[in-house]
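If you want the building blocks of each chain, they are given just below.
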Amino acid sequence: MAFISPSPSALHIDSSLTKISLMTLQTETAYVASKVFPNIPVSKESDFYHVYDDGSFFRSQMHVRQPGTESAAIQWSLSKDKYQCQNYALHALVTDGMRANADDSLDLDWDTTTLLTHQKLLKHEKEWVETCFVASDPGDIWDYALRGKDTRSTTVDPTNLDSNDVVFWNRSDSTPIADILYMRSYVKRKTGINPNTLTIGNAVYDALCEHPDVVARINRGQTSGLASVTLQQMADLFRIKEIFIMEAVEEKNPEGLESEKDYIGGNHALLTYKPLKPGLRTPSTGYTFNWSGLLGSRKSGLRVKKFRVPTLAADWLEIETSFTEKITSKGMAGFFSSIVE
């Protein structure tokens, strides 16, 4: 298709369609990327942010002060890291013929915006998975990782590739509650921060719901039948605040081939820390930086454009967003790699 350059008067950000897109973002539950890492709106597409040396806060530096002497001086330092938002966009055409043939019950602008929004959600989820949620060993992405195996390591060490094996959680002799509590405590000991969020693939969720240890803890003396395991009950078992299940499904094959869908999240689990109120001087395992500086975009860094293309006798609807997933602390997390078979 030839490049089409609309005149400035024909191009505008459609605020009503953007609201539709934001509403879809807020109500969609299958996608978790925007929930695991808190969202930070930024006015610049790329910039630096300060990183505090956590040793300055946890290292004891106060000493006895002798009469007539100065107090001890504390040593602390700052460093910098950088984020770089990436711009993504996708469009669809609504032709005059489509409008003329549409039933009264259809709203082509609404339906097209919803389709584009789900494409944005799908892209965001895949970017987060590729950044944070792929099979890995200690040091690949996260500082601390355990991996599912047939047998457990004699001595489990989340930093040692040769001794970081735990039994697959879909096996009855595995210990998922103990494994998660161990990793939670380990991260706390190394960083001073208690992970409060667990993100799991759908297969991992199914395995945990059926695990005899989890069911036994929730039964609490029930005399018949299996207890129904809720997310909150499971979170309480693991001593965390939230659990996110990666339920989003992706079509793997291009159009024209036999359909092959699968979960995006795979069979992993990730413990992270998510602050109640994200912002400056607030630790977090990671942040989603949304570039809100685009004309007409919201704090989410998202906007929907609509303009007329006379040569095509169609309206051009386009969704655009600019964001990046940034791991801000590799140590403030515990990864369970391929934790179910």
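Residues numbered from 1 in each chain as written. Predicted model: local features only at pLDDT ≥ 70, side-chain atom pairs only at ≥ 80, totals over all residues. Heavy atoms only, no water.

**Q** Sorry if this is basic, but what is going on with the packing of helix 7 (residues 202-210) against helix 9 (residues 231-238) here?
**A** Any two packed helices are characterised by how steeply their axes cross, that is the angle between the axes, and by the distance between the axes. Following both chains from N to C, one finds helix 7 and helix 9 inclined at 80°, their axes separated by 12 Å at the closest point. As the angle between them shows, helix 7 and helix 9 are arranged roughly perpendicular. Counted together, Tyr205, Leu208 and Cys209 of helix 7 and Leu231, Met234 and Phe238 of helix 9 form the full contact between these two elements. In terms of residue class, the contact of helix 7 with helix 9 is built from six nonpolar, no polar and no charged. (Axes fitted to C-alpha atoms, helices over the stretch in contact; angles between N-to-C directions. Helix = DSSP H or I, 4+ residues; strand = E, 2+ residues; numbered from the N terminus. Parallel < 35°, antiparallel > 145°, perpendicular 65-115°, else oblique. Contact = heavy atoms within 4.5 Å. Nonpolar A, V, L, I, M, F, W, Y, C, P; charged D, E, K, R; others polar.)

**Q** What am I meant to see in the pattern of salt bridges here?
**A** Opposite charge on two side chains makes pairing possible when the charged atoms of those side chains draw close. Under the defined criterion, the tally for this structure stands at 19 salt bridges. We note a salt bridge from Arg147 to Asp137, for which the minimum N-O separation is 3.4 Å. Within this pair, whereas Arg147 is found in strand 6 (residues 145-149), its partner Asp137 is found in the loop between helix 5 (108-132) and strand 6, the two being separated by 10 residues in sequence. On the accessibility criterion, Arg147 (17% relative accessible area) is buried. Several salt bridges converge on common partners, so that one network encompasses Asp96, Arg99, Asp109, Lys306, Arg308 and Asp315. (Salt bridge = Lys/Arg side-chain N within 4 Å of Asp/Glu carboxyl O. Buried < 20%, exposed > 50% of the residue type's maximum accessible area, 1.4 Å probe, protein only.)

**Q** Is there a simple way to think about helix 8 (residues 212-219) in this case?
**A** Structural remark: α-helix, 3.6 residues per turn; residues separated by three or four positions point the same way. All of the buried residues in helix 8 are Val214, Val215, Ile218 and Asn219. The arc enclosing the buried residues of helix 8, seen along the axis, measures out at 135°, which places them on a common side. The elements touched by buried residues of helix 8 are helix 6 (176-191), helix 7 and helix 9. (Arc of directions from axis to C-beta.)

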